[in-house]
Amino acid sequence: MPTIQQQAAHNLAKLRETRPLIHNITNFVVMNFTANILLAAGASPVMAHAENEVEEMVGFARALVLNIGTLTDDWVDAMVKAGKKATSLGVPIILDPVGAGATALRTNAAKRILAETRVSVVRGNASEILALAGAQANTKGVDAADSVDQATEQAIRLARELGVPVAITGPQDLITNGKRVIRVNNGHPLMSCITGTGCGATAIIGAFSGVDPDPVSAAATALAYYGLAGERAAVDANGPGSFMIRFLDALHNLTPEELERDARISG
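These notes cover the structure that comes with them. Not measured: the values here are computed from a predicted model. (Residues numbered from 1 in each chain as written. Predicted model: local features only at pLDDT ≥ 70, side-chain atom pairs only at ≥ 80, totals over all residues. Heavy atoms only, no water.)

## Notes on the sheet that holds strand S9 (residues 173-176)
Just so we agree on the cut-off: The pairing criterion for strands is at least two bridges between them, as found by DSSP. A helix here means a DSSP run of H or I that spans at least four residues, while a strand means a run of E at least two residues long, and both kinds are numbered starting from the N terminus. Only heavy atoms enter the contact rule, under which two residues are in contact if any of them lie within 4.5 Å. The convention used is that axes are lines fitted to C-alpha atoms, helices contributing only their stretch in contact, and that angles between N-to-C directions extend from 0 to 180 degrees.
As summarised here, the arrangement of the nine strands in space is S2-S1-S3-S4-S5-S8-S9-S10-S11, forming an open sheet in which the pairing is mixed. The open sheet terminates on both sides in strands that have one partner only, identified here as strand S2 (44-47) and strand S11 (265-266). Sheet topology note: the strand S10 (residues 181-184)/S11 ladder contains two bridges and is antiparallel. What sits directly across from Arg183, in S11, is Ser266. The strands touched by helix H8 (residues 197-209) are strand S1 (21-25), strand S3 (63-67), strand S4 (93-96), strand S5 (121-124) and strand S8 (166-168); relative to S4, the strand with the most contacts, the crossing angle is about 170 degrees.

## Some details on the environment of Asn108
Summarising the element assignment, Asn108 is placed in helix H5 (residues 104-116). When the C-alpha positions of Asn108 and Arg118 are compared, they lie 16 Å apart, and in sequence the two are 10 residues distant.

## Here's the deal with the packing of aromatic side chains
Spelled out, the test is: Paired rings are identified among Phe, Tyr and Trp, the last through its six-membered ring, by centres lying within 6.5 Å, and are further divided according to the angle between planes into stacked (under 30 degrees), edge-to-face (over 60) and tilted (the rest). Accessible area is worked out with a 1.4 Å probe on protein chains only. A residue is then buried under 20% of its type maximum, exposed over 50%, and partly exposed in between.
Within this structure, the stated rule accounts for four aromatic pairs. Relative to Phe247, the ring of Phe243 has its centre 5.6 Å away and its plane inclined at 10 degrees; by these criteria the two rings are stacked. Of this pair, Phe243 and Phe247 both sit in helix H10 (residues 240-253), four residues apart, which is roughly one turn of that helix. Summarising the burial analysis for this pair, Phe243 and Phe247 share the class buried. Feature note: the residues Tyr226, Phe243 and Phe247 constitute an aromatic cluster, connected by ring pairs.

## Re the nonpolar core
We apply this condition: Here, nonpolar core means buried Ala, Val, Leu, Ile, Met, Phe, Trp, Tyr and Cys residues that are tied together by side-chain atoms lying within 4.5 Å of each other.
Counting residues in each nonpolar core, the largest one holds 51 residues, and the members touching the most others are Ile175, Ile204, Tyr225, Phe243 and Phe247. At the level of elements, helix H1 (4-18), helix H2 (31-41), S3, S10, H8, helix H9 (215-234) and H10 are the ones that each hand at least two residues to this core. A total of 13 residues in this core trace back to one element, the largest contributor, which is H9. Beyond its immediate chain neighbours, meaning those up to four positions away, Ile175 contacts Val166, Ala167, Arg180, Val181, Ile182, Val184, Val216, Ala219, Ala220 and Leu223.

## Thoughts on the pairing of S4
The side chains of a regular strand alternate between both faces of the sheet. Put simply, the rule is: The handedness of a crossover follows from its direction of travel: if, with the strands pointing away from the viewer, the path from the first strand over the helix to the second runs clockwise, the crossover is right-handed.
The alternating pattern of S4 places Ile93 and Leu95 on one face and Ile94 and Asp96 on the opposite face, and all of these are buried. Looking at chain direction, S3 and S4 are connected through four bridges and run parallel. Across the sheet, Leu66 pairs through a bridge with Leu95, a residue of S4. In terms of handedness, the path from S3 via helix H4 (residues 73-89) over to S4 forms a crossover that is right-handed. Two strands pair when backbone bridges link them, and S4 and S5 are joined in this way by two bridges, in the parallel orientation. Bridge pairing links Leu95 to Val122 in S5. The parallel pair S4 and S5 is bridged by H5, and the resulting crossover is right-handed.

Structure (structure tokens):
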């Protein structure tokens, strides 16, 4: 059986070989950045949210990423429609409950998607996961005011109740299916200084889910790759602006061999 580091290298190599189409219904703030992140990694992104085309588009995709960052009622309906089609086709669905707990619209939208579709992974920050679990969460709009450690027990409980792996991203990432807990220690503080890095992490989990049928493995290896690229980008960055450009370069240039060597995944 390969180690999780070897699986990470395998997933990255397979991603670049197959260039899976990742269907994103995501928010206005991050559309361009998310598409560039996926392209840099080696995947093929498409952004399509019109309710009258999402089912058709899902039929071409290897994963569906649902991000509730800028919602309208029509977008929620489109996400559910796409999610139901993905569920029927066995296409993995990655949910990013952006700002869950901040407003009723966001919290209820995330819960509706979870109830009406078969989500493969939920990826959020600590406050978002606490809110979905029904626990007390401290939010600042769409930013977390809670730590990964504070959300760990609730994430384990939520994963058990939903039957869906949960990934919390922060200074240290945590992935759990309710039984197993994996921690990823790759990353850099500059990743929190540009908008869209959390949303990009969800999209990368979608890309890895397109080549790895194990959602826990897909999430853990994706986050290790993503965090390691952040480390590489920060080496000669002068601040958030130069980091953003170097981050895309690092996602593109990072090799499977380097990922296997430097991925810090435990559990």
